[in-house]
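Next come the chains, spelled out residue by residue.
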Amino acid sequence: MSTYRATRRLAACLLPVLLLFAAGPVVAQPTAPPGGSHPVAAPRAAPVRTQAPSGGTIADIQVEGNQRIEAGTIRSYLLVRPGDAFDPDRIDRSLKTLYATGLFQDVRLGRQGDTLVVRVVENPIVNRVAFEGNHKLTDAQLRTDLQLRPRAVFTSALAEADRQHILTLYAHHGYYDASVDPKIIRLPENRVDVVFQISDGSETLISKIVINGNKAFSEDRLTEVISSRESRWWRFLSSSDEFEPERLAYDKELLRRFYLKNGYADIEVTDASAELSPDRKGFFLSFTVSEGERYRVGKVSISSQLRNLDPNSLQDLLQLSAGDWYDGDAVGRTADALEEAVHNKGYAFVEVKPRVDRDPVKHIINLTFDIGEGPRVYVERINIVGNQRTEDKVIRREFRLAEGDPYSAEAVRRTKSRLTDLGYFQTVDINTTPGSAPDKAILTTNITEKATGELSFGGGYSTDAGALLDIGLSERNLVGTGIAASINGVLAQKRSSVNASITDPYFLDRNLVAGVDAFLIQTNFLGTEPYDERRAGFALRMGYDFNEHLRQVWSYSLVNRDVYDIESDASPFIINEAGTTVLSQISQVLTLDYRDSRLFPHKGYVVEWGTDFAGLGGDARFVRNNLTGAYYIPLDRLFNNDAWGIKLSGSVGYMNLLSGGREEIIDRFFLGGDNLRGFETGGAGPHDAITGDPLGGRFLWTQSTELRYPLPVSPDLGLTGRAFVDVGALTEANFRNTSECSANGVKCEIAASSAPRVGAGVGISWRTAFGLINVDLTPFVIKQSHDQTQIFRFGFGTRF
């Protein structure tokens, strides 16, 4: 054996002794039986630098101990070759290089004469990776981004890295108490099974939220502002009590904006921290605020540097006035409204900058909105990233600006809103970057697609339909074209239906909405009317947008109606309408919509005018007009809570009969139910004076005033309240043959009154994970004889 080998043995003997002196007493570890499992060993120490005897030339390099790795591959990692001198430094670096590959558990280099001998012990190969004890996360979730995989080289460092990765996954799902223990099972042929034994632990929720430094608002009020919530039993359907680091920063910003909205212009949230409890069972969140003084608004003015722009014409857009408490949100909304208004006046490049002048002595803020010419920037290119399924044109047609147009931040905001409202994407981000020249910009739209198909099963109960079962199949973005298709069936006590529909929102790639519907509707009135009705038919639709707020839809319907199962003691007017009739109808709906949201409106208004013309074939001949509208008044500034608001709505409709057609009760207006709470569906208005059956009418008007307010419970419960007063009347019920109508020798008589019916009461809406529940209680009604009242009204439905 050479001197080099002897030196290396001496170093190996002395190293443990030196480590004993440095690290203190050593505890012996049990050795796993052959073929058994044992925990991952500690990472091996770095190779010891050795001194090889100099002199002589390497005649050959011999590799020993390798099983899978070719000897040539091992020689390629060495820094010496046959013919090189025995250089101790290069040999030592070769040793370190072999260790660094991660392929070997042990490496030794020695000299036998003029031969360099390389002895290796290969790291095992992973046969499989398994998980035991995991219940909260699936195997597929845990395998994401693991470094250990079947047929990969196993090392202790990789096993430890994967253990930490699994712990991080559990932490992201709120399980900070989880534990992971990797076990190694030795197999023949230097293979191993890696089994991660997992204990999920309990979910780590937010135990306590503390806010320090607050004087103007109570801690309870401020904890309602932030999105994080303390753990409570009723939040099992919510994730708001789960700790997320990103949410902590968001809550900090929510606190700051809340104070700014309420006049505290000097607010600072100096600290936002989260601390894990010693038992790792809960988080403690702490926020520290420095409120400062509260400011009122002094002077509010508009300054313009644009030619021919009169600032006085924009005064109505100001959302703050002298004497109001300062509101940072209102300042931003005013600036946006001014910029949009000036754009609409024909100014392409506009910039509105709010100028805030504080008076710390009087606690007053003077506001000046400076309107000037913004930088002349044009859109050079629009890039779309992330649409794997949705066609480019489906996204580009929602843009409110095109390549070459002047850049507009307001147009970008509207574009993002329209893309989000499509419902095709999980996230939508539009980023602006400099273009090829200082006056050019590139818009990059990053989207994350989501599933748009839906197979749904649902159930519920409503006063109108009774108990119901709902099943549907729909696709909102058919093969990425933006076409919506659906088929839906509802089985209910009082009203069952089957509908099939397909809609192209950009027919022929133009500003046209085209669609077709086919339907079968079975209505069983169950006591509210003495007959049943069946409708089967189809409808063709075509619509277009005049602008962002005005749109019109035309349709043609061909419907076969059958009135059957008429009770023997029903009104003669109804008995005379037994049988089948055909409705051939052209309709149009013109909508003017200035609401802030179509789904959850809070301010603005909407007006709809609808017209139905029946007479192109079929049995019915009439023209029916209906005008409806709603106006939303926010009460945020009065109550400092956007859950307060007023909704004023109304409708008026008139049906004009044309000569030559049959007059059908089912074509008339009816009053009660949805359009007049406190009364049965169709229960208010003209009735048969003898039987009491509702007969409908040709002239209808309604008006509703509704106050919406928050209930004194946690907002997380999703409960909101309302108080309402509904008023309406239904008249003109005479039939063409009223004077000739009789039953059993008794002349038919209609009980009708033009006096308004009134229903007043309160209601609750509850948004749950299972659907929306609506409850209305209408104990105060003003009715006429034969009217059918309904004090309690309930509706619930869901899909899953």
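Just so it is clear, the model here is predicted, and its values are computed rather than measured.

Caption draft 1: Local environment of the overall build of the protein. Check the secondary structure of the protein and you find 12 helices and 36 strands. By the burial criterion, 41% of the 800 residues in the protein qualify as buried. Carbon and sulfur atoms provide 55% of the accessible area of the protein, an area that totals close to 41200 Å².

Caption draft 2: View of the sheet that holds strand β13 (residues 364-372). Overall, mixed pairing links the 3 strands, which are arranged β11-β13-β12 in an open sheet. One side of each edge strand has no neighbouring strand; the edge strands of this open sheet are β11 (296-304) and β12 (351-359). Put simply, the sheet's adjacent strands are angled 15 degrees from each other on average, direction ignored. Relative to β13, β11 is paired through 7 bridges, and the arrangement is parallel. Counterpart to S301 in the pairing with β13 is T368.

Caption draft 3: Broad picture of the pairing of strand β26 (residues 622-634). Sheet topology note: the strand β25 (residues 604-614)/β26 ladder contains 11 bridges and is antiparallel. The partner of V607 across the bridge, within β26, is G629.

Caption draft 4: Up close: unusual backbone geometry. Backbone geometry at R151 places phi at a positive 75 degrees, although glycine is not the residue there. Relative to the elements of secondary structure, R151 occurs in the loop between α4 (139-143) and α5 (156-172). You will see that V479, though not glycine, has its phi angle at about 45 degrees, which is positive. As for its placement among the helices and strands, V479 is situated in the loop between β18 (466-475) and β19 (484-492).

Caption draft 5: Inspection of the nonpolar core at higher detail. The biggest cluster of nonpolar side chains holds 24 residues, and the ones touching the most others in it are Y326, V342, L367, F369 and I371. When contributions to this core are tallied by element, the ones reaching two or more residues are β11, α8 (328-344) and β13. Those residues within four positions of I371 in sequence are excluded, and the remaining contacts are I302, S303, S304, Q305, L306, L309, L314, V342, V350, E351 and V352. Judged by nonpolar contacts, the second largest core, of 23 residues, contains L222, L255, F258 and L260.

Caption draft 6: Expanded view of the environment of R257. Mapped onto the elements, R257 comes out in helix α7 (residues 245-261). We classify R257 as partly exposed; its relative accessible area is 41%. Remark: the alpha-carbon pair of R257 and I267, spanning 10 residues in sequence, is separated by 8.9 Å.

Caption draft 7: Broad picture of helix α10 (residues 409-421). The end-to-end C-alpha distance of α10 is 18 Å, a good match for the 18 Å that 13 residues give at a rise of 1.5 Å each. Along α10, the residues classified as buried are E410, A411, V412, T415, R418 and L419. The elements touched by buried residues of α10 are α8, α9 (392-396), β15 (425-434) and β16 (440-449).

Calculation rules
- Here the residue index of a chain counts from 1 through its sequence in written order.
- For a predicted model such as this one, the threshold for reporting local features is a pLDDT of at least 70, and the threshold for listing and counting side-chain atom pairs is 80 or more; totals across whole chains, interfaces and linings nevertheless cover every residue.
- Processing note: side-chain calculations cover all non-hydrogen atoms of the structure and skip hydrogens and water entirely.
- Only DSSP runs of H or I with at least four residues qualify as helices, and only runs of E with at least two residues qualify as strands; both kinds are numbered from the N terminus onward.
- The classification of residues rests on relative accessible area computed with a 1.4 Å probe and restricted to protein chains. Under 20% of the type maximum is buried, over 50% is exposed, and intermediate values are partly exposed.
- Values of accessible area rely on a 1.4 Å probe in the Shrake-Rupley scheme; residue burial ignores everything except the protein chains shown.
- DSSP calls a pair of strands paired once it identifies at least 2 bridges connecting them.
- The axes used here are C-alpha line fits, helices contributing only the stretch in contact, and every angle between their N-to-C directions lies in the interval 0 to 180 degrees.
- Nonpolar cores are built from buried Ala, Val, Leu, Ile, Met, Phe, Trp, Tyr and Cys residues. Side-chain atoms within 4.5 Å join them into one set.
- What makes two residues a contact is simply this: any of their non-hydrogen atoms within 4.5 Å.
- The span expected for a helix works out to 1.5 Å for each residue beyond the first.

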